[in-house]
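# Examining the three-dimensional arrangement
Chain by chain, the residues run as shown.
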Amino acid sequence: MVDALDELEAQSIFILREAVNRLQPLAMLWSIGKDSNTLLWLARKAFFGRVPFPVILLDTGNEFPEVYEFRDRIIREWELIYIDAPCPGAEETDPSLPPKARAAARKTLGLKRIIGERGLKGVILGIRRDEQAIRGKERIFSPRDTTGAWNFRHQPPEFWDCFNAEPPPGGHVRVHPLLAWTEIDVWRYIDRERIPVVPLYFARDGKRFRSLGEKDITSSVTSSATTIPQIIQELETSREPERAGRAMDHESEDAFERLRTQGYM
Amino acid sequence: MTAEPLQLAVVGHVDHGKSTLIGRLLHELSLLPRGKADELRAVSERRGVAIEWSFALDAFQAERDQAVTIDTTRVWLRLPQCNIAVIDVPGHREFLANMVSGAADAEAALLVVDANEGMQEQTRRHTYLLRLLGLEQIAVVVNKLDLVEFSEARFRELEAAVRHFLAELGLTPRLVLPISARHGDNLTAPSANLLWYRGPTLIEALQTLEARPSRQAQALRLPIQDVYRQDDKRILVGRIESGRLAVGDTLLFSPSNKLARIKSLEAWNARQSAHALAGQSVGITLDRPLFVERGEIASHQQDAPHLTNVLHATLFWLGVTPLTAGQQLRLEVATAEAPVTVEAVERVIDTDTLAPEPTEIVRRDQVAEVVLRSRALLALDEHTSLPRTGRFVLRANGETVAGGLASLRGHPNQRRVVGLKPENLTPVDHKVTRTSRAERFGHRGGILWFTGLSGAGKSTLAMAVEQHLFRKGYSVYVLDGDNVRSGLNANLGFSPEDRVENIRRVGEVAALFADAGVLCITAFISPYRADRARARQAGGEAFHEIYIRADLKTCERRDPKGLYRRARAGEITEFTGVSAPYEAPESAELVVDTANESIDACVDQILRYVAISFAISSRA
């Protein structure tokens, strides 16, 4: 029997295999969060245990310490090719953005830099449509030009699983294998496959992180969920949006859109 | 909830209220995230408008400013009885390409028509496109009844018009409902303003929509995506688009027409299984070392895909540059891609009037029926029966310019022409074996397939090698254009399919020579990998590809028959190297560099290769 999770898994594996076949050099952005860890797990499935491309952390130095510890453990256990990509300081970002968004924009610059350094033609990311209204508009294979900018007004048509795997000259293609997954889907899959995740997702002293950003710009939510089934149950009844604790989304109406247009994840 | 969501596309003319409908529905079903309703109130106030439910979806700044949806968005409606993924699609004309991207996944459609304005251009165009995409399930809502004072007469008038229009397309709507999206009439509860209406509410209507029938019961189609080498295993990977397979099944690969059995189903961190179903991404290994590439489709021998060089297709043209006959494009179907030529534009249809246009130029947003021809054989299905291998896209300069639906009527399945190769490659029932022939002649039979540009030196080398080998006592014979074109292939011209046939025949004849114990040398440009691969398959183990390599400049300089001069002058069309491609071998058994080596050195190189490869004791 093939259920909904199986179909999502099969589709993501299909997308990852397409990316590896058609876009080289290729790398995956690994934020160590639940989504990108799920993505990494799917890559292990797609390629029978061996992830054939490097994983990159856009490192601002501001992640929670638990995140860095978790990262080191996983690199060892899963035998990953790991690249640490340090991000430039906030002073180098667009000054017209509100302050928390500027902190996030450091990653955009870090990404641009590492793409240039490695001549990457493809970058795999774990974003989902339901996370954030603007991400809802994305394509699975999304070409970007040299500036990494997202031209949302003129996105190429994408249908019938025929993907635009040709980067524009000097540009790259972003690959989003998790677009069709919802937050609950991800947790159900983590539960089914026993995928390890950073302990911060589980409640401690009545609080847990539902969405994991950097430590200065993420706030926790009230919760008593200490196991994955409890998290799933909480999500099934909640009406809080997932990114409620992410400061960069709420500073101004168009802050997130502007971040994305400039090349954010 | 593990039931897969039903994909519902919401379509209709710009400003007829699609986005408002979805936003309002989310609100009434309590599916908007907490705070969103307040946010919408605040944002709408800031803009000086009454609550704009469409803002829930129109997340883009630009969209909010113009209240126009630019791109497609998906939202999930989780209802007690079912689970629907709503695809909101842009209605504005310029965003047609985005519309197709969104609606292409849909299993059902909700058509929104403004009660005040009635059916407009996009209403017709979207419906026609949905029909083309194979959608048959349509429900219709007549919106903004509040603007016509909830008039029953007006509703009935529009209902009749819509039903009539849909009937012309061969469609019957499941339901036609009156609503007001902005004020919430008849969305989730019956409305006091619509007492004359006795039908279901929109929510009730949506729950009657059916998901697509299971693909597992259809013929097996596994398009090969890639081949991975791991621990001495060759794992073919791909997603099963329809049907089911099991370890031990005999698979037929198209278009190469090879057979092999599934030896194993590879999996990581999953229960080992002997079966796999439509929807699963799999990895398989075969019981024999077959050379199978990305682009091939695996199926069972029964209900295999159609093989053809030429097909009729219905295209919807999305490109900025208009399409005319003669243009060359790239066709992508499943994991295969091939260059194709538009041989003819048979009909162009205006999607507003649905009437044919007296023109052979296809402009953006028009639909056309065309004939496409490809050099390589394509494996395809009728789009109505197996959509995943019957629908394709066309690309030009890296951009998607059209979506196409294949129709195979009128063109013979070429699988019979190519023939089915038995699993056992050695000939049956010959009492004289290859080994006895080899002993008689003192060498093994085989094929030296020379390939290279005109003027590279194929014929010169072939003749010289033949002479040397003959003197040494070999049974050897050269096949080239001169002794083949005027006899065996006298009934062939220079059209693409004739050229394919020309090489196919040479490959088969060479295979017969090899079987007879003779060393057969062929000297044809044979520019296409697909053709050479077929010849290799015919020749089996005894086939050796010899790349006679010289760059185009050198060949043109030599121009022994004056053909390059004439080709450059335009007197000869489709001349390899000038106006037609040459696909160099990727892994030829031998490469002979005539640009930098003397004729004698090249001949020596080939003779040494023959001595090693065709000696009685050697393996091919």
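An account of the accompanying structure is given in this report. (Residues numbered from 1 in each chain as written. Chains lettered and ligands numbered in written order. Predicted model: local features only at pLDDT ≥ 70, side-chain atom pairs only at ≥ 80, totals over all residues. Heavy atoms only, no water.)

### Notes on helix α2 (residues 34-46) of chain A
Residues and elements named next belong to chain A.
- With 13 residues, α2 should reach 18 Å at 1.5 Å per residue; the first-to-last C-alpha distance of 18 Å fits that figure.
- Among the 13 residues in α2, 13 count as buried, and that is most of the element.
- Directly after α2, the chain includes Phe48, whose backbone phi takes a positive value near 55°. (Helix = DSSP H or I, 4+ residues; strand = E, 2+ residues; numbered from the N terminus. Expected span 1.5 Å × (residues − 1). Buried < 20%, exposed > 50% of the residue type's maximum accessible area, 1.4 Å probe, protein only.)

### With respect to the sheet that holds strand β3 (residues 82-86) of chain A
Residue and element names in this part refer to chain A.
- Strand order in the open sheet formed by six strands is β3-β2-β1-β4-β6-β5, and the pairing between neighbours is mixed. The open sheet has two free edges, formed respectively by β3 and β5 (141-144), since each of these has just one partner strand. Between one strand axis and the next, the sheet turns by 30° as a mean value, whatever way the strands run.
- In the sheet, strand β1 (residues 26-29) pairs with strand β2 (residues 55-59) via two bridges, with the strands oriented parallel. Bridging across to β2, Met28 finds its partner in Val55.
- Here α2 sits on the sheet in contact with β1, β2 and β4 (122-124), set at roughly 145° to β1.
- Running at roughly 140° to β2, helix α4 (residues 99-118) makes contact with β1, β2, β3, β4 and β6 (172-175) of the sheet. (Pairing = 2+ DSSP bridges. Axes fitted to C-alpha atoms, helices over the stretch in contact; angles between N-to-C directions. Contact = heavy atoms within 4.5 Å.)

### Quick notes on the packing of aromatic side chains
- This structure, assessed with the given rule, holds 17 aromatic pairs over all chains.
- Seen from their ring centres, Phe14(A) and Phe163(A) are 6.4 Å apart, and the 55° between their planes marks the pair as tilted. Placement of Phe14(A) in helix α1 (residues 4-22) and of Phe163(A) in the loop between β5 and β6 is noted, with a sequence separation of 149 residues between them.
- Here Phe14(A) falls in the buried class, since its relative accessible area comes to 6%.
- Relative accessible area serves as the criterion here: at 1%, Phe163(A) is assigned to the buried category.
- Taking 5.5 Å as the distance between ring centres and 40° as the angle between the ring planes, the aromatic pair formed by Phe155(B) and Trp196(B) counts as tilted. (Phe/Tyr/Trp six-rings, centres within 6.5 Å; stacked < 30°, edge-to-face > 60°.)

### Here we look at the pairing of strand β16 (residues 328-333) of chain B
Residue and element names in this part refer to chain B.
- Judged from the six bridges that link them, β16 and strand β17 (residues 336-349) form a sheet pairing that is antiparallel. Note that in β17 the partner of Val333 across the bridge is Ala336.
- With antiparallel pairing between neighbouring strands as the criterion, β16 and β17 make up a hairpin whose turn holds two residues, including Ala334 at a positive phi of roughly 50°.
- Both β16 and strand β20 (residues 391-396) contribute to a ladder of three bridges, which runs antiparallel. Among the inter-strand pairings, Arg330 is bridged to a residue of β20, identified as Arg395.

### Overview of the packing of α1(A) against α2(A)
All names here are of chain A.
- Where α1 meets α2, the axes come as close as 9 Å, and the angle between the chain directions of the two elements is 75°. If you check the angle between α1 and α2, you find them roughly perpendicular. From α1, Glu9, Ser12, Ile13, Leu16 and Arg17 reach across to α2, where they touch Leu39, Leu42, Ala43, Lys45 and Ala46.
- In terms of residue class, the contact of α1 with α2 is made up of six nonpolar, one polar and three charged. (Parallel < 35°, antiparallel > 145°, perpendicular 65-115°, else oblique. Nonpolar A, V, L, I, M, F, W, Y, C, P; charged D, E, K, R; others polar.)

### Re the sheet that holds strand β13 (residues 281-286) of chain B
Residues and elements named next belong to chain B.
- On the basis of which strands lie adjacent, the closed barrel formed by six strands has the order β7-β8-β13-β11-β10-β14 and antiparallel pairing. In this sheet, adjacent strand axes meet at a mean angle of 50° when their direction is disregarded.
- Where strand β11 (residues 258-266) meets β13, four bridges bridge the pair, whose relative direction is antiparallel. When the sheet's bridge partners are listed, Ile262 is paired in β13 with Leu286.

### Examining helix α1 (residues 18-28) of chain B
- For α1(B), a buried count of nine out of eleven residues is recorded, marking the element as mostly surrounded by other parts of the structure.
- Every buried residue of α1(B) is listed here: Lys18(B), Ser19(B), Thr20(B), Leu21(B), Ile22(B), Gly23(B), Arg24(B), Leu25(B) and Leu26(B).

### So, empty space enclosed by the protein
Residue and element names in this part refer to chain B.
- Scanning all chains against the criterion turns up four cavities of 30 Å³ or more.
- If you add up the space inside the second largest cavity, you get close to 50 Å³.
- As for the second largest cavity, its lining consists of Leu8, Val10, Ile22, Leu25, Leu77, Val86, Leu110, Leu202 and Leu206.
- Going through the elements one at a time, β1 (6-12), α1 and α7 (202-206) are the ones with two or more residues in the lining of the second largest cavity.
- Residue classes in the lining of the second largest cavity are distributed as nine nonpolar, no polar and no charged. (1 Å grid on protein atoms, 1.4 Å probe; cavity = no way out; pocket = protein on both sides within 12 Å on 5 of 7 lines; lining within 4 Å. Points joined across faces, edges and corners; volume = space filled by probe spheres on them.)

### Digging into the pattern of salt bridges
Residues and elements named next belong to chain A.
- Tallied over the entire structure, the rule returns 47 salt bridges over all chains.
- Asp84 serves as the salt-bridge partner of Arg71, at 3.2 Å between the closest nitrogen and oxygen. Taken as a pair, Arg71 in helix α3 (residues 65-78) and Asp84 in strand β3 lie far apart in primary sequence, 13 residues in all.
- Exposure remark for Arg71: the relative accessible area of 11% places this residue in the buried category.
- For Asp84, a relative accessible area of 34% puts it in the partly exposed group. (Salt bridge = Lys/Arg side-chain N within 4 Å of Asp/Glu carboxyl O.)

### So, the side chain of Thr93(A)
- One can find Thr93(A) in the loop between β3 and α4.
- For Thr93(A), the contacting residues outside a window of four places in its chain are Arg102(A), Ala105(A), Arg106(A) and Leu109(A).

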